[in-house]
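Descriptive analysis of the structure
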Amino acid sequence: MELEGVLAELRGSFESGRTRSLSWRQSQLRALSDILHKEEEGIFRVLKADLGKHQAEAYLHEVGSSIKSLNHAIKNVKRWMAPTKAVVPMVAFPTSAEVLPEPLGVVLIFSCWNFPIGLSLEPLIGAISAGNAVVLKPSELAPASSNFLANNISKYLDNKAIKVIEGGPDVGEQLLEHKWDKIFFTGNPRVGRIVMTAAAKHLTPVVLELGGKCPAIFDSLSSSRDRKMAVERVVGGKWGPCSGQTCIAIDYLLVEEKFAPILVDLLKETIRRFFVRPDYISRIINRQNFERLSNLLKDPSVAASIVHGGSLDSEKLSIEPTILIDPPLDAEIMTEEIFGPLLPIITLKKIEESIEFIRARPKPLVIYGFTNDEKLKRRIIAETSSGAVVFNDAIIQYLLETIPFGGVGQSGFGQYHGKFSFDIFSHGKAVAGRTFLIEFSFRYPPWNERKLQLMRSIYHFDYIGFLLCFLGFK
Amino acid sequence: MDYGEKPAAMDGGEFDGERAAEMEAEMREIFRSGKTRSLEWRAAQLKGLVRMIEEKEADIMAALDADLAKPPFESYLHEVSLVKSSCTFALKELKHWMKPEKVPASITTFPSTAEIVSEPLGVVLIISAWNYPFLLSLSPVIGAIAAGNAVVLKPSEVAPATSSLFARILPDYIDNSCIRVVEGSIPETTALLEQKWDKIFYTGNGKVGRIVMAAAAKHLTPVTLELGGKSPVVVDSNINVKVAAKRIAVGKWGCNNGQACIAPDYIITTKSFAPILVDSLKRTLEKFYGKDASESKDLSRIVNANHFKRLTSLLDDEKVSGKIVHGGQRDEKRLYIAPTLLLDVPHDSLIMKEEIFGPLLPIITVDKVEDSFDLINSKTKPLAAYLFTKDKKLEEKFVNTVSAGGMLINDIALHLANHYLPFGGVGESGFGSYHGKFSFDAFSHKKAVLSRGFFGEARARYPPYTPRKQKLVRQLLNGSIIAMFFALLGWPRSG
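Residues numbered from 1 in each chain as written. Chains lettered and ligands numbered in written order. Predicted model: local features only at pLDDT ≥ 70, side-chain atom pairs only at ≥ 80, totals over all residues. Heavy atoms only, no water.

- If you check an unreviewed UniProt entry, chain B appears there as Aldehyde dehydrogenase from Elaeis guineensis var. tenera.
- UniProt's Catalytic activity (unreviewed entry) comment on chain B is quoted here verbatim: "an aldehyde + NAD(+) + H2O = a carboxylate + NADH + 2 H(+)".
- The UniProt entry for chain B carries this comment under Sequence similarities (unreviewed entry): "Belongs to the aldehyde dehydrogenase family." (UniProt positions renumbered as here; feature names shortened; annotations may be inferred.)

Following this line, the structure appears as structure tokens:
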């Protein structure tokens, strides 16, 4: 079915009111849940095909996390749909006031290739909870997952209101020519600009979930137990999710130079302990990204800074977990988002210098701090800006529905997860009501000084003054 | 002072891209120094604005009179006192707004603490409009200051007296290294839009809104667009028509003579009720403005010759001119157009396609009052939609069927004075909202802060991946307390 016809069908479905009922929303959310439970094997298969992702990783980051989000949405959508009463101050006169969430209409979601199932479902959950009709455009770089979504969403969900449109940049461009009520984009800043520029033609509001270089400040922890745990979390937060191809992966570490050797040893040991089999780590998505990452290491001064790993398998598109110490700060590996299994460690004289280091660079999606120093934590929160701040762990913030997930500055704008997903796909309509009974005749022309005095008194909550004026005493 | 002069840049010379870049860089440095972030600084700015309003009220009223011939009643009520009450509200709530919000953590991340910290976006650009030039400039500025940002305000050049008033007196009351006014028109606005801001807040029309958003896209700058639209008023028959007519009239001609984004644009009522409503409106207009409204002191003038031409050509359309049932008189010299009622103009006439923004009020009739909802939904979503009725069922249907920025039942415009309601559009009427805490939020980044310790470790999430570990992860994600308990014990240690 060609695009105009598809969009007309979606618009018709939305305007019929079908997507607005609680039962429709819950049924679609349950259907998504069914896909995750019944087609789990299929999901593992396509993620293995697209990214060489191990099923444990696939479950943790995509299947299980989506099930959790779905359970949360199914449980709460009725409450989210309800209007919120607003305070009514006397001067505003209306007798009732509330904010009523309503769906925006027909929304477009662009998903990404690194978590092709998870990053499609998470915004989709929000769009459906909010009562919209949806087009999902998965990334063509993860074709097996894209195909899986197209087949199963049409099989399990209301495919007159929720559609998957597959294809490459040309399909994306075509979609962007049309008017949407919202566009939700996950990806890189370059394409983010294209999406927002296209959206501007139709005044379509957008959410841009971008990336950045997410730093991890690694303080010298005194307890060796804490240190070991912290390093496990760093290793788990770098190479665990999609071999570093994650918007919230630790991009680089900042550490005091005297502590660096200890850290490197712990990292090496943990990597060895964790990745005993090659299939425990995802591969690089495609040749283009493999070349990009290899080129980061080609720079001789960068290559010279490698202290672990560095081996590349261009056939299997796999790159060994690689650690570098102090590559040049103007090398591409330190100016561009790495999005891969290379971990530069930048050494500093004192750990507090990390704050200035981070401030001098574009705002990332998250700043990680591994430290027990409360003063340092407070400084990180107050003196840096990022989508989020996480202390003593990594990636896990993705799983908590009560905190908003999104960027700031170059890492994007708009937030989701939990109720934030519902809100981002809704319009909060202010609804106020008055009665015919109470009438203030001094509102009306012809205006004079006395009427103005009465209004002034009302506005200052000066009821005595109002009364005096009303009775003619002022 | 000759308010008719073309406004020049603040300290002489052209305000071009280079100067705009310099200004942005300077302000960024100042913002980075942390000057705008303390509660004391923010409160001092807001207090300064309150003082400015108290001491300079006469100057402000004079500027609004020069720009719009706005009646003092309106200038006071709709601009001066609204800005003042926004300041005092923000001052009262500021400490509370600035406090981080603790949120519950979950079993999946146990043990952890989580909070949401509001931080300023940085250096923001506010582009204001001409019809409420004082209010629509300072209201967003209040939000930006409360949120701790540095601010550039670009007032509308179509209200030059108010624009130059800001440039002249703001520096005496607020920190003018962090809050700056740039006067000018298209070239200056273009120069500003080329720079990278942390947020752009625009009030105006959809055509320029698109330009603003496209410029913002180059820098990935988030925007709020407060636009307009055709705000409809649905009038049911079973109502107190006298009260309704008065409220509609004061909401239309008593709000800058219809030149307001939430002014009633057109009325929809039943064929049978229309004569009653028209009659009541005519009587009300005479009571308000006398037999010859051009003599009344209580009407703003049409802002300039451009808009005068635009509005008169809406009336002079041959399909429309015959539908005038009241008013229609005009005086070009005084930029006066009489309060005008029209009955059943064709749906494809320009007056029914574009936002009117003036003293013309078309009345469209339908057979049943419910038919009005389809008519409204066939147009783009407006900033406000109004309904006069006593029928609760009709009210419910209206609220659930019609989409608009905001809605008010049985009155006009007042909802914008409630600090607790978000004010903003949807669809063609814009996106983003403000007023009260919504203003603070519009200029803030809500930063999630998640804190964990080294107490327990869910090793199940790390490789080597074993069936036992995978089972535990499943249970953890399912919120199982027992699984969490085992995970905290560091189980399974291996295998």
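Further notes follow.
**A word on the sheet that holds strand S13 (residues 322-325) of chain A**
- Taken together, the ten strands give an open sheet; going across it, the order is S10(A)-S13(A)-S14(A)-S9(A)-S8(A)-S15(A)-S16(A)-S20(B)-S2(B)-S1(B), and neighbouring strands pair in mixed fashion. Because the sheet does not close on itself, it has two edges, and the strands there are strand S10 (306-308) of chain A together with strand S1 (101-103) of chain B. Mean inter-strand twist for the sheet, computed between neighbouring axes without regard to direction, equals 25 degrees.
- When strand S15 (residues 366-370) of chain A meets strand S16 (residues 388-391) of chain A, the two strands line up parallel, connected through four bridges. Within S16 of chain A, the residue paired with Gly369 of chain A across the bridge is Phe391 of chain A.
- In the packing of helix H9 (residues 224-238) of chain A onto the sheet, contacts are made with strand S8 (215-218), strand S9 (252-256), strand S14 (342-348) and S15 of chain A together with strand S20 (444-452) of chain B, and the angle to S8 of chain A comes to roughly 170 degrees. (Pairing = 2+ DSSP bridges. Helix = DSSP H or I, 4+ residues; strand = E, 2+ residues; numbered from the N terminus. Axes fitted to C-alpha atoms, helices over the stretch in contact; angles between N-to-C directions. Contact = heavy atoms within 4.5 Å.)

**Structural notes on the packing of aromatic side chains**
Residues and elements named next belong to chain A.
- If you walk through the whole model with that rule in mind, you get 27 aromatic pairs over all chains.
- With a centroid separation of 6.0 Å and an interplanar angle of 20 degrees, the aromatic rings of Phe218 and Phe259 are classed as stacked. Placement of the pair is Phe218 in strand S8 and Phe259 in the loop between S9 and helix H10 (260-274), with a sequence separation of 41 residues.
- Looking at Phe259, the relative accessible area reads 5%, which means it is buried.
- On the basis of an interplanar angle of 80 degrees and a centroid distance of 6.2 Å, the ring pair of Phe274 and Phe275 is categorised as edge-to-face.
- Using a relative accessible area of 2% as the deciding quantity, one classes Phe274 as buried. (Phe/Tyr/Trp six-rings, centres within 6.5 Å; stacked < 30°, edge-to-face > 60°. Buried < 20%, exposed > 50% of the residue type's maximum accessible area, 1.4 Å probe, protein only.)

**Topic: the domain arrangement of chain B**
Residue and element names in this part refer to chain B.
- Taken as a whole, chain B is organised into domain 1 (8-227 + 436-446), domain 2 (232-424) and domain 3 (458-488).
- A straight line from the C-alpha centre of domain 1 to that of domain 2 covers 31 Å.
- Taken residue by residue, the interface counts 22 residues in domain 1 and 25 residues in domain 2.
- For the domain 1 and domain 2 pair, buried surface summed over both sides reaches about 1,800 Å², with 57% attributable to carbon and sulfur atoms.
- Among the residues of domain 1 in contact with domain 2, Trp130, Glu226 and Phe438 are the three that bury the most area, contributing 27% of the side total.
- For the interface between domain 1 and domain 2, the tally reads zero salt bridges.
- Where domain 1 touches domain 2, the interface holds six residue pairs in polar contact (both at pLDDT 80 or more).
- Mapped by element, the contributors of at least two residues to the side of domain 1 that touches domain 2 are helix H2 (39-68), helix H3 (72-98) and helix H15 (436-442). (Domains from an automatic or database assignment. Buried area = accessible area lost by both parts, 1.4 Å probe. Salt bridge = Lys/Arg side-chain N within 4 Å of Asp/Glu carboxyl O. Polar contact = N/O pair within 3.5 Å; in protein donor to acceptor, adjacent residues only side chain to side chain.)

**Focus: the interface of chain B and chain A**
- Each partner contributes to the interface: chain B provides 105 residues, whereas chain A provides 112 residues.
- Approximately 8,900 Å² of surface area, both sides summed, lies buried where chain B meets chain A, with 62% of it carried by carbon and sulfur atoms.
- Together, Phe73, Leu220 and Phe454 of chain B form the three largest contributors to the area buried by chain B at its contact with chain A, with a combined 11%.
- Across the contact surface, chain B and chain A share eight salt bridges.

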